[in-house]
Amino acid sequence: MDSLAQSLQLVLNSFPKHPYHQATLDGLVTKQIEKHSKDTSAENLKSLWEYLLRNEVFTLAATEGSALRQEETTYYDDLKDRLDLVLTFTEHDASEATFPFTVLQDLLETQTIASCSHVFSWIEARAARLTKGMVPQKGKALILLRTLNDLLRRLSKMGNTTLFCGRILTFLSGVFPLGERSGVNLRGEYGPMWEGVKEVETKVEIAEPPKTPEDKMEVDDSKEGGEDKTGAVDCVKDKSSKFYTTFWSLQLPFSRPPLFATPTTFPDFKEAVNKVLPVIKEATTKDRALMGSRSATGSSSSLKRKREVELGEEASSNEYFFAKFLTSPDLLDLEVADTHFRRQFLFQLLILLNHLLSFTKAAKATWLTSRNRSLQMEFTLETAEVQWVQETIAKASAELRSTAPNGPVFSDTVNVILEREKNWVKWKNDLCAPFDREPWGTEVDGKKVGLEEATKEMRVKRREEPEEWQWSLGSQPLTEIWEMGYRDLNDLQNPFQSGDVKDFVKKVKQEDARIEIRKKALAKTAERLAQARAKMAAAVPKESAVPDTLSQDTPVTPAPTTAESVKIEPFLPAPRPLSSITSSPLHPSLPAKPGTSPSKLAVAPEISLGAAVLAPVSTPVPVSTPAQTSAPLPSVAPPEPSDDQINGYEENKQRWSWLALRTARDQHLQHFGKIGTGDVELLAQEIEAEKEREKEREKEREREKEREKTRVLVTGGAGYIGSHVVYALQQTRRYKVISIDNSHNSYPASLTRVAKIAQDALPENASDADKESAVIDSIQCDLTSTDQIRAVFERYGKGGIWGVVHIAAYKAVGESVEIPLTYYTNNVCATVSLLQIMSEYDCTRIVYSSSATVYGTPPVIPIPETTRLKADSPYGKTKVMSETVIDDLCHAEPQRWRGISLRYFNPAGAHPSGLIGEDPRGRPGNLLPLLAHMAIGRVKDSTLKVFGNDYPTPDGTCVRDYLHVLDLASGHLLALDALAPESTIFDNCPDDARYKAYNLGKGRGMSVLQIVEAMRKATGFDFKYEIIGRRRGDVPDLTANPSLAEKELGFKAPQPLEVMCRDLWNWQTKNPLGYNTKQ
């Protein structure tokens, strides 16, 4: 046993990787089988191999729960490998042929539905090998059929397993013959045996306390009356008990139909049914009387609103359940009074009665064969019994139809089920004869062809494009209405009102459409006339035709054309000419008034088409001589006949044109010289073109105003943060950026590079406004000089600048401690001057660049905006003062000013292109640019001085919240959008002042030593550092709580520290000297 187990483990350990060839596995198995073939007998070896293989499969199956909880589990692959091993050992005769099927049967019973689906997938993939040599109704076929039928029964009790059941049924249909795949041929009992009706106690005595005289009711309790009542009650109880016994005795033939072979069974069954059916009918009648008429019930039920099923509530609350065995007559009375119970009984009765009809002499003759011995019983219905069964079926069906609710529908459904059951039983009695029909076919030219060939011509014809419908809009009236220019119901409903020239043009086009329609009608009339003449000519006998050569004495006259020979449509009267307008010309281009001008369309005494057709020709035709016949005269096309309706429409066109020109002479006289004489359509085109040109001019004026509205002034625009904010503004192409900077700690070259990035990003078809947005108005200006600030605003005029992003300030914490007055002057006084001049020039929107240093040493980490402002350094105090000034200004003039302060934490990184980044003048004051300068060699210090390692932080060094500078720049865009009039972020302010402050950070702090390590990874430079004492003004931890900005502004800072260090180092390596190209 141990050696076999080791061999099996060896096979499992050397199992080939997926996908593998079966030959590889066959080689491994054959080697181990041959190795132990002489250890013991073949039968003993089979038992040992089966034990070990089964143990491997079910040892793994026991770990299903824990294995499937793992994210990357190989449970199903391992299980399929072991099943492959079981099948391979069986194929090499190392186990019984039924062994894989018994393993599958036990395995499917132990696994969850999800795992069963994977196991069945293995069965589907190995179907050819599993069913090889399988004999129906024997051996492994029976085990496989039973296994899959058990799985189907299990799935029927689960939800959402339709696809799985379909896979199983499809598999069964391909493996087993139709007659046995359902499992019906597996012999079994009809159902559980009926245990009979137990005796019912007819009298139950209950001990009651003796009644006192006071407890007695004052009634007439004479002895005779009492005896009569007691006897009546006993009679009712006895009758109820007998009916109870009779009713439930019917369950015996219901559960055991073969009992009808006993001679006494059918008479007892007939007697019991005859007793029960009247009781059922009486209960149904009472039920219908209580429910009222069907119409009343229908109307009330249709008006009643049904309550929807709530979540968690049973959806099938109306499903009916009743006990199978009842032991009390009183309970039976209650059940019989219930509609559902009666329906179930009648349904059961109909099933049995229909089954009995298959035992008539005629029916038995059709299926009684020696091969159907298992279905036979020694029982035959006689003629009288058949008649009773048929009558009882009719009574039960009628009773079932009269039950409520929806009795007819329920009865029809039962009949359909019974009819299908008859067909199914007949098919089974016929030993599951094949019922596939032959393919449809028909005879064509004496040859039988299939459906495809018989319908080939029809399908080819259907592929041909149909002829174009003569009425493009479906019908003739709709098409004509559309051709006349009607496009809306108002065109048909409202009368014409003189207005614009285009309205008159529409009328002219309608007259053109009427003329075209009239011409088409005349053309059709002429075509019908020509066809009629052709038919008449064909009907004339040949001998009556005029000979080709006539003598000079034979006169020839054409046959007169009668009025009946041609149908002429009636003409509509022409519109009356206007007579109240003077005939003097109003303008050289304006034609004379219709009706008075000599150019008026005169009605010439020409013969109309109708006259030409109706008037007989009386002039004789001269006889042609041979000489004349040989030289015929060339035919001349007759002039197009005139029509009164067309003439009227033409005159209407002239009238509408004249009225249009008269209407347009006051407003559009300048166009008359371009249009020629009376060309109203060309005049309308010129007017529309002029309107389009005016719209373009208006749009250009609007664009100019829009450009003025979206001018944004950025102070300190050439600095590190300012240049990235300018970049973000330009990427939107919604703002015209004005930058002012005194180049104290910045380089003008940064703005040149920003403009280049914006211009490179423009599309090929960029508009003038887009091109303008890529140009920066860069102005050298010192904010401490009021005159210089005023000159900038004067340049764009009052209201010419939409808003200000105030970034310019001194920002070194250590330096502010040394020169506080300089910081207060530059940061606070300059802000006050800026706000004063902004107010003078109606620029009342400001985004202020504040700092996290306003919180000082915060009491709560991360820091919310509600934290008290208590800065520890002069730099931080300048930010607090500036915020206070802006807040006070917004409170003083709430209808004018809108302000937002953005409290930065620690911006870092650079633009990914490496064109712009942080390049402070002198030694950097911030940690990250200092590390970059040390790595590139611009700072010669070999050791970084770290100010303190005894702070209450994880590694003792200060913790700061770093965010990417581009994420910070996007926050400024969101703040500008929030200052727009349509913004709603100020709606929740406690007063009328429209001012708010937001934290801009990631919400995650990084210590000094963590920053050093991140820069070491990004640069590859081995930074050395030295711990020295604390620096005055530094706080231990400044980590933001940016949730308010995220919620109200939609701010996000997704870039991690690694990206910040990478972009910073990219900038530094591409610009080792910063913006200076020379040392």
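The structure reproduced in this document is the subject of the present report.

Scoring rules and cut-offs
- Residues numbered from 1 in each chain as written.
- Predicted model: local features only at pLDDT ≥ 70, side-chain atom pairs only at ≥ 80, totals over all residues.
- Heavy atoms only, no water.
- Axes fitted to C-alpha atoms, helices over the stretch in contact; angles between N-to-C directions.
- Helix = DSSP H or I, 4+ residues; strand = E, 2+ residues; numbered from the N terminus.
- Parallel < 35°, antiparallel > 145°, perpendicular 65-115°, else oblique.
- Left-handed = near helix turned anticlockwise from the far one by under 90°.
- Contact = heavy atoms within 4.5 Å.
- Nonpolar A, V, L, I, M, F, W, Y, C, P; charged D, E, K, R; others polar.
- Phe/Tyr/Trp six-rings, centres within 6.5 Å; stacked < 30°, edge-to-face > 60°.
- Buried < 20%, exposed > 50% of the residue type's maximum accessible area, 1.4 Å probe, protein only.
- Lys NZ or Arg CZ within 6 Å of the ring centre and 35° of its normal.
- Core = buried A, V, L, I, M, F, W, Y, C linked by side-chain atoms within 4.5 Å.
- Patch = residues over 30% accessible without salt bridge, like charges linked within 9 Å, V, L, I, M, F, W, Y side chains within 5 Å.
- Areas by Shrake-Rupley, 256 points an atom, 1.4 Å probe, with all protein chains shown as cover.
- Salt bridge = Lys/Arg side-chain N within 4 Å of Asp/Glu carboxyl O.
- Pairing = 2+ DSSP bridges.

**Section: the packing of helix 35 (residues 820-840) against helix 36 (residues 874-892)**
Then, in step 1: Across the interface, helix 35 lies against helix 36 with an axial gap of 9 Å and an inter-helix angle of 15 degrees. With respect to helix 36, the element helix 35 is oriented roughly parallel. When the axes of helix 35 and helix 36 are compared, the crossing they make is right-handed. For the pair helix 35 and helix 36, contact is made by P820, Y823, Y824, N827, V828, T831, V832 and L835 and by P874, Y875, K877, T878, M881, S882, V885, I886 and L889, respectively.
Then, in step 2: Class assignment for the residues of the contact of helix 35 with helix 36 results in twelve nonpolar, four polar and one charged.

**Concerning the packing of aromatic side chains**
Then, in step 1: Counted under the stated rule, the structure contains 23 aromatic pairs.
Then, in step 2: Taking 6.0 Å as the distance between ring centres and 55 degrees as the angle between the ring planes, the aromatic pair formed by F359 and F379 counts as tilted. You can see F359 sitting in the loop between helix 16 (339-356) and helix 17 (361-367) and its partner F379 sitting in the loop between helix 17 and helix 18 (383-402), a full 20 residues away along the chain. A single burial state applies to F359 and to F379, both of which are buried.
Then, in step 3: Ring plane angle 45 degrees and centroid distance 5.9 Å describe the contact between Y747 and Y1075, whose orientation is recorded as tilted. With Y747 in the loop between strand 4 (736-741) and helix 31 (749-760) and Y1075 in the segment after helix 41 (1057-1070), this residue pair connects regions lying 328 residues apart in the sequence.
Then, in step 4: Y747 gets classed as buried once you look at its relative accessible area, which sits at 10%.
Then, in step 5: Members of the aromatic cluster, joined through ring pairs, are F243, F247, W248, F254, F341 and F345.
Then, in step 6: A cation over an aromatic ring shows up here: R343 above the ring of F410, its NZ or CZ 4.6 Å from the ring centre.
Then, in step 7: Positioned above the aromatic ring of Y747, the side-chain terminus of R921 is 4.0 Å from the ring centre.

**A few points about the nonpolar core**
General note: in soluble globular proteins, nonpolar side chains tend to be found buried as a group.
Then, in step 1: Within the largest apolar cluster, 74 residues are counted, with the highest numbers of intra-cluster contacts made by L729 and I900.
Then, in step 2: In contact with L729, not counting residues within four places along its chain, are V712, V714, Y735, V737, L973 and L976.
Then, in step 3: By size, the runner-up hydrophobic cluster in this structure holds 56 residues, among which are L85, L108, I113 and I143.

**Remarks on a nonpolar patch on the surface**
Then, in step 1: Judged by side-chain polarity, L473, L478 and W482 come together as a nonpolar surface patch covering roughly 300 Å² of accessible area.
Then, in step 2: Examined against the element boundaries, L473 turns out to sit in the loop between helix 21 (456-463) and helix 22 (476-483).

**Topic: the pattern of salt bridges**
Then, in step 1: A full pass over the atoms with the stated rule returns 35 salt bridges.
Then, in step 2: Between R401 and D412 there is a salt bridge, with its nearest N and O atoms 2.5 Å apart. Of this pair, R401 sits in helix 18 while D412 sits in helix 19 (residues 407-429); the two residues are eleven residues apart in sequence, bridging distant segments of the chain.
Then, in step 3: Residue classification places D412 among the partly exposed positions, given a relative accessible area of 39%.
Then, in step 4: The salt bridge partner of D643 is R518, with a shortest N-O separation of 3.0 Å. Highlighted residues: D643 in the loop between helix 26 (626-630) and helix 27 (644-664) and R518 in helix 24 (residues 501-539), separated in sequence by 125 residues. Taken individually, D643 and R518 each receive the classification buried, so the pair is uniform in this respect.
Then, in step 5: The structure contains a network of salt bridges with shared partners spanning E690, R693, E694 and R697.

**Observations concerning the sheet that holds strand 6 (residues 803-806)**
Then, in step 1: Reading across from one edge, 5-4-3-6-7-8-13 is the order of the seven strands in this open sheet, with parallel pairing throughout. The sheet is open, and its two borders are formed by strand 5 (777-780) and strand 13 (995-1000), each paired with just one other strand. The sheet shows a mean angle of 20 degrees between the axes of neighbouring strands, direction not considered.
Then, in step 2: Judged from the seven bridges that link them, strand 7 (residues 845-851) and strand 8 (residues 898-904) form a sheet pairing that is parallel.

**Some thoughts on unusual backbone geometry**
Then, in step 1: The step from A404 to P405 runs through a cis peptide bond, and the omega angle for that step is 0 degrees.
Then, in step 2: Tracing the backbone shows P405 in the loop between helix 18 and helix 19.
Then, in step 3: That bond from I861 to P862 is cis: its omega, 0 degrees, falls within 30 degrees of zero.
Then, in step 4: Mapped onto the fold, P862 is located in the loop between strand 7 and helix 36.
Then, in step 5: The residue D93 is not glycine, and still its phi comes out positive at about 60 degrees.
Then, in step 6: With respect to the secondary-structure elements, D93 resides in the loop between helix 5 (75-91) and helix 6 (99-110).
Then, in step 7: Given a relative accessible area of 52%, D93 falls into the exposed group.
Then, in step 8: One non-glycine residue, S743, adopts positive backbone phi at about 60 degrees.

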